[in-house]
Amino acid sequence: MPDVALRERFWERYPLDALNDAEWEALCDGCGRCCLVKIEDEESGDLALLDVACKLLDIDSCRCSDYANRFTEVAECTKLTRENLYEFDWLPSTCAYRRLGEGRRLAGWHPLVAGSDRRMHRKGISVRAIAVSERDVDADDLESHIIAILPC
């Protein structure tokens, strides 16, 4: 894909469906919350959110270590698009895609507003301080890592 320039303050000037691919990708704040493991309760449909991160998440940077191949490497990887955004009702209220989709502004700590991700990490928005890699967790021990139940 050729490099496409980001339009100035695009997140304030254009609706989500008018963003180019580079702008859509740039909206991600890099918090890593999408990359936390979720277990669905088959009866209720609720999701248990764990402090366990996908094996591809670099917890220090809160970025995918193999972004280009993430869907091949991790079948459950979240593919958030303009078309399916509203299907992901478990997205945190801090998520830029959710905020803009709900008509709200980006938070002041968002890297596009703040100029870097330091403020986001300092405010505890990212999973950096809470996540452990699924590589380090026994599958039989997952229930002990539940940090929230998300009604769906």
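To be clear, the structure that these remarks concern was listed above.
Structural notes, computed from the coordinates. (Residues numbered from 1 in each chain as written. Predicted model: local features only at pLDDT ≥ 70, side-chain atom pairs only at ≥ 80, totals over all residues. Heavy atoms only, no water.)

## Here's the deal with the packing of aromatic side chains
Two aromatic rings are characterised by how far apart their centres lie and by the angle between their planes. Inspection of the entire model under this criterion finds three aromatic pairs. Both rings, one in W24 and one in Y97, keep their centres 4.5 Å apart while their planes meet at 45°; by these two values the pair is tilted. Taken together, the residues W24 in helix 2 (residues 21–26) and Y97 in helix 4 (residues 96–101) connect sequence positions 73 residues apart. Ring geometry for F88 versus W90: centroids 5.7 Å apart, planes at 90°, classification edge-to-face. W90 shares its class with F88; the two are buried. Here the guanidinium or amino end of K38 rests over the ring plane of W90, the centre of that ring lying 4.4 Å away. Residue placement shows R70 over the ring face of Y67; its charged tip is 3.6 Å from the ring centre. (Phe/Tyr/Trp six-rings, centres within 6.5 Å; stacked < 30°, edge-to-face > 60°. Helix = DSSP H or I, 4+ residues; strand = E, 2+ residues; numbered from the N terminus. Buried < 20%, exposed > 50% of the residue type's maximum accessible area, 1.4 Å probe, protein only. Lys NZ or Arg CZ within 6 Å of the ring centre and 35° of its normal.)

## Overview of a negative patch on the surface
A cluster of acidic residues, E40, D41, E42 and E43, forms a negative patch at the surface. Looking at the secondary structure, you find E42 in the loop between strand 1 (36–40) and strand 2 (47–53). (Patch = residues over 30% accessible without salt bridge, like charges linked within 9 Å, V, L, I, M, F, W, Y side chains within 5 Å. Areas by Shrake-Rupley, 256 points an atom, 1.4 Å probe, with all protein chains shown as cover. Salt bridge = Lys/Arg side-chain N within 4 Å of Asp/Glu carboxyl O. Lys, Arg positive; Asp, Glu negative; His and termini not counted. Charge placed at Lys NZ, Arg CZ, Asp CG, Glu CD.)

## Thoughts on the environment of W90
Relative to the assigned elements, W90 resides in the loop between helix 3 (70–73) and helix 4. Separated by 85 residues in sequence, W90 and A5 have C-alpha atoms that sit 31 Å apart.

## Digging into the pattern of salt bridges
Applying the stated criterion across every chain, the model contains seven salt bridges. In this structure, R82 and D21 form a salt bridge, with 3.3 Å as the shortest nitrogen-oxygen distance. In this pair, R82 sits in the loop between helix 3 and helix 4 while D21 sits in helix 2, placing the two residues 61 residues apart along the sequence. E102 is the salt-bridge partner of R104, the closest N and O atoms lying 2.9 Å from each other. Accessibility expressed as a relative area gives 30% for R104, which makes it partly exposed. Beyond isolated ion pairs, a larger network of salt bridges with shared partners links R9, E12 and R105.

## What about the nonpolar core?
Of all hydrophobic cores here, the largest spans 26 residues; its most connected members are L16, L27, L80, L91 and Y97. Looking at this core, the elements with two or more residues in it are helix 1 (10–13), strand 2 and helix 4. If sequence neighbours within four positions are ignored, L16 has contacts with W24, L27, R82, L85, Y97, L100 and G101. Core analysis: the next-biggest nonpolar cluster, separate from the first, contains five residues, A107, W109, M120 and I125 among them. (Core = buried A, V, L, I, M, F, W, Y, C linked by side-chain atoms within 4.5 Å. Contact = heavy atoms within 4.5 Å.)

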